[in-house]
Amino acid sequence: MVKQFYPVLIAMMVAPLALQADVFRTVDEEGNVTYTDSPSANPSKVEKIELHPGPSEESISNTMERNNAIRKAMEEAREKRLEARTSSQGRLEEAKKAVDEAEKKLSQMEEMGDDDRQTLQGGKSFIKPEYYERVKKAQQELDEAKKRYKSLRGY
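In short, a report on the structure. For every chain, the first residue of its written sequence is number 1, and the numbers climb from 1 along that sequence. Totals for whole chains, interfaces and linings use all residues, but because this is a predicted model, local features are given only for residues with pLDDT of at least 70 and pairs of side-chain atoms are given and counted only at 80 or more. The side-chain quantities take in all heavy atoms of the structure and omit both hydrogens and water.

Examining the overall build of the protein chain
A helix here means a DSSP run of H or I that spans at least four residues, while a strand means a run of E at least two residues long, and both kinds are numbered starting from the N terminus. Check the secondary structure of the protein chain and you find 3 helices and 5 strands. Reading the protein chain from its N end, one meets helices and strands in the order α-β-β-β-α-β-β-α. When accessible area is computed with a 1.4 Å probe and restricted to protein chains, residues below 20% of their type maximum are described as buried, those above 50% as exposed, and intermediate ones as partly exposed. A buried classification covers 11% of the 155 residues belonging to the protein chain. For the protein chain, contacts bridging at least 24 residues in sequence account for 49% of all contacts bridging at least 6. With the model as given, the accessible surface of the protein chain reaches about 12800 Å², and the carbon-plus-sulfur share is 53%. Pairs of residues are marked as contacts when any of their non-hydrogen atoms sit within 4.5 Å. Every accessible area reported is derived by Shrake-Rupley at a probe size of 1.4 Å, with residue values counting cover from the shown protein chains alone.

Structural notes on the sheet that holds strand 1 (residues 23-27)
An order of 2-1-3 is seen for the 3 strands of this open sheet, with the pairing classed as antiparallel. Looking at strand neighbours, the two that pair on one side only are strand 2 (33-36) and strand 3 (46-49), the edges of this open sheet. If you compare each strand with its neighbour and ignore which way they point, the axes differ by 25° on average. Any two strands are treated as partners once DSSP identifies two or more bridges connecting them. To define axes, lines are fitted to C-alpha atoms, for helices over the stretch in contact only, and angles between the resulting N-to-C directions are given on a 0 to 180 degree scale.

Some remarks on the packing of aromatic side chains
Each Phe, Tyr or Trp ring, with Trp reduced to its six-membered ring, pairs with another whose centre is within 6.5 Å; inter-plane angles below 30 degrees give stacked pairs, above 60 give edge-to-face pairs, and intermediate values give tilted ones. Evaluated as defined, the whole model comprises 1 aromatic pair. Ring geometry for Tyr131 and Tyr132: centres 5.5 Å apart, planes at 75°, overall edge-to-face. Two limits define a charge over a ring: the Lys NZ or Arg CZ must be within 6 Å of the ring centre, and within 35 degrees of the ring normal. Over the ring of Tyr149 we find Lys96, and its NZ or CZ is 5.8 Å from the ring centre.

With respect to the packing of helix 2 (residues 57-110) against helix 3 (residues 129-153)
Running from amino to carboxyl end, helix 2 crosses helix 3 at an angle of 160°, the nearest separation of the two axes being 9 Å. Of the possible angle classes, the one that applies to helix 2 and helix 3 is roughly antiparallel. Viewed along their axes, helix 2 and helix 3 form a crossing whose handedness is left-handed. Only Asp, Glu, Lys and Arg are considered charged, only Ala, Val, Leu, Ile, Met, Phe, Trp, Tyr, Cys and Pro nonpolar, and every remaining residue, Gly among them, polar. Within the contact of helix 2 with helix 3, the residues separate by chemical class into 14 nonpolar, 1 polar and 10 charged. When an angle is under 35 degrees it counts as roughly parallel; over 145 it counts as roughly antiparallel; between 65 and 115 it counts as roughly perpendicular; any other value is oblique. By convention, the crossing between two helices is left-handed when the near helix turns anticlockwise from the far helix through less than a right angle, and right-handed when the turn is clockwise.

Topic: helix 2
Compared with the 80 Å implied by 1.5 Å per residue over 54 residues, the 79 Å span of helix 2 between its first and last C-alpha is a close match. Regarding helix 2, the residues found buried are Ile60, Met64, Ala95, Val99, Ala102, Leu106 and Met109. Each helix should span, by expectation, one fewer than its residue count multiplied by 1.5 Å.

Section: the pairing of strand 2
A regular strand places its side chains so that they alternate between the two faces of the sheet. Direction of pairing for strand 1 relative to strand 2: antiparallel, over a ladder of 4 bridges. Bridging from a neighbouring strand, Phe24 pairs with Thr36 of strand 2.

A word on the side chain of Asp116
As for its position among the elements, Asp116 is in the loop between helix 2 and strand 4 (117-119). A residue is classified by how much of its surface remains accessible, and Asp116, at 9% relative accessible area, is buried. Any pair of N or O atoms that falls within 3.5 Å is considered a polar contact. Within protein, one atom must be able to donate a hydrogen and the other to accept it, and sequence-neighbouring residues count only if both atoms are side-chain atoms. Within the structure, Asp116 has its side chain in polar contact with the side chain of Arg134 (distance 3.1 Å). Once residues within four sequence positions are removed from consideration, Asp116 is found in contact with Glu111, Phe126, Ile127, Lys128, Tyr131 and Arg134.

Below, the structure written as structure tokens:
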């Protein structure tokens with residue numbers, strides 16, 4: 001449809017050039033203004049109006065080329081924005097998934113198993129240092145995942 005519009009646009013811009021004639025402005029005794037293509041009998045109240053010609057075919061062609069180049073650049077920029085948005089959404093989803101997995105891992109690491117306690121003679125028991133190291137490592141992984149997620153979200 002756009003391709004059909006251009007010839008019509010050019011014809012509309014060029015047609016007035018072919019139909020251009022002299023235009024005269026006449027003011028009668030009562031102050032009424034009339035515009036005609038022929039001067040009136042009273043030359044003292046007639047003024048010839050200068051009409052400027054429309055744009056040349058070359059100017060129209062140049063303008064259309066510039067418009068097409070602008071449209072093409074706009075479309076390319078739009079595609080890049082969509083691509084970047086899709087890419088950033090994918091990275092954001094991956095970061096959110098990593099946070100969820102790190103939270104799940106932390107909760108698993110916090111669960112105390114039979115191997116995490118050591119019983120001494122006399123019935124006393126204590127938690128092994130490996131348990132604390134395991135939980136600390138899981139907490140650090142969660143903190144890193146949250147930090148990456150926040151940086152991707154922009155806050």
